[in-house]
Each structure stands twice: as C-alpha cells, then as structure tokens.
Amino acid sequence: MRNIINLIISALLMLLAGILVIVLVAAWAMGLGWLLSQIVPFSWFEATLLMLISSIVVGYTAVRLFALFPPPLDNEATKNTPFVLRDPIPLSRFSVNEEEVTDEAWFRFEIANEIFDNLVNMERELAMGEAQQKELAVRLTDVVVAVLKGRKHNRRTYSVRVTVEQLRKQLEAMGQQPYDTDLLETAVATTNMRLSYDEDLADVVRDKTWDSID
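Remember, it's a predicted structure, so these values are computed and weren't measured experimentally.

Visitor: Account for a nonpolar patch on the surface, with residues named and values stated.
Guide: Together, Ile-8, Leu-12, Leu-15, Ile-19 and Val-23 make up an exposed nonpolar region whose accessible area comes to about 480 Å². If you trace the backbone, Val-23 turns up in helix H1 (residues 2-39).

Okay, here's the thing in structure tokens:
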C-alpha cells in the first residue's frame, strides 16, 4: 500500500514540475514577445509564438550539446578516495577465526549477504528493522546450507539448486515454522542464481568441502 502511495505522490510531483516548466516557458516567451513586438511590426501573439519556438529550439540544442561533452573526471579526487568494500553482514558472524575460514563459513557469508540484499529490495516491505533482516537472511542461509549438505549426489550429474519445497521440508525437520512463501522464494532464487555462475561456491556443494580451510 505504501508503494502505491509513493507512486501516486511521485506522479503528482512530476505533473506539478511539468506544469511549472510550461508556465515559466510561456511567461518567458510572452515577455520576450512583447519586447519584440515593440521593435518589429509583429503582433504580440506572433512575436510570442516566434519566441516560444525559438526558446524550444535553443533549449533542445543546448541539452544535446551538453550531452556530447560530459564533465571531466576529477582524477586527483578519485585517486585520493579509497575504495571500501562493505558487506552488511560481517564475516565474523560466520567464523570465529577470520584467519582460518572454512568453506562453509565463506559459503554462508556470501549467500547470506546476497539474500539480505534481495530482502531489502523486495517489492513487499518487511515489517522489521535492518538488524532483524540480517538475522532473517542468516536463518534462511542456515536452511539452505542444511538442504545442500544433507543430500546425496553424483558429482557429474548433480545440479546445484534448491527449491521452496525442500526448504519447507527442512524447516519442518528442524522443528521450525515455515516462513512466508515470498521469503522462501527470495532465498531460493538468490541461492540458485549465485550458484549458477559462481563455480567456486558451487564446487563447495558438489565436492562437500564444507570443512576445508583455504
């Protein structure tokens, strides 16, 4: 409901801005048209129409010219600005000793942060704060990992994927109440997408190297 209200407010603001621009352009053209009508043998209407057309052409040309010449990058400022990688959920949440991180801790760290990002960007607004969303992402990751660790497979034919139904069954086996479908779907889509292109994470599941330390 809040998203609909925000959309309506945004549309009204855009409409108001458009009306304001039209009024300003019309006032500008009428003012210049009156001045022009005092100099040349044109009526006020003819002079205003001429100035309106001229203003539109000049404005459009100016916008096109500015688009061709983007502002230069401040290389010195860029050079002096350090690049900081910030992950919402720290690695210490999954590994006590960050010098000896197991494959499982690394896997949980990567997947939990992906799920957290997607929870934040869900169409449905979650009635919880950021800290609770992080904990939810960690708990969903726990369920995903339990499903992946508990299955038997042949590495050559094994597809690294999870399903909503598998997560539901795992939650029941763990004695927990199932989460809402959209939360489970977010966890499943996030995990499957990440494992579809990240071979390093997928190999952890295929080779069962959960306890390995790099």
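Moving on, there is more to tell.
Visitor: Which residues make up the packing of helix H4 (residues 103-120) against helix H8 (residues 199-207), and what are the values?
Guide: Between H4 and H8, the shortest axis-to-axis distance is 11 Å and the interhelical angle comes to 130°. What the angle tells us is that H4 and H8 run oblique. Considering how the two elements wind past one another, H4 and H8 form a crossing that is left-handed. Between H4 and H8, the contacting residues are Asp-103, Trp-106, Phe-107, Glu-110 and Ile-111 on the first element and Asp-200, Leu-201, Val-204 and Val-205 on the second. Taken together, the residues that form the contact of H4 with H8 break down as 6 nonpolar, no polar and 3 charged.

Visitor: How would you summarise unusual backbone geometry if you had to cite specific residues and measurements?
Guide: Phi is positive for Lys-208, which is not a glycine, with a value near 55°. A residue is classified by how much of its surface remains accessible, and Lys-208, at 37% relative accessible area, is partly exposed.

Rules behind the numbers
- Residues numbered from 1 in each chain as written.
- Predicted model: local features only at pLDDT ≥ 70, side-chain atom pairs only at ≥ 80, totals over all residues.
- Heavy atoms only, no water.
- Patch = residues over 30% accessible without salt bridge, like charges linked within 9 Å, V, L, I, M, F, W, Y side chains within 5 Å.
- Areas by Shrake-Rupley, 256 points an atom, 1.4 Å probe, with all protein chains shown as cover.
- Salt bridge = Lys/Arg side-chain N within 4 Å of Asp/Glu carboxyl O.
- Helix = DSSP H or I, 4+ residues; strand = E, 2+ residues; numbered from the N terminus.
- Axes fitted to C-alpha atoms, helices over the stretch in contact; angles between N-to-C directions.
- Parallel < 35°, antiparallel > 145°, perpendicular 65-115°, else oblique.
- Left-handed = near helix turned anticlockwise from the far one by under 90°.
- Contact = heavy atoms within 4.5 Å.
- Nonpolar A, V, L, I, M, F, W, Y, C, P; charged D, E, K, R; others polar.
- Buried < 20%, exposed > 50% of the residue type's maximum accessible area, 1.4 Å probe, protein only.

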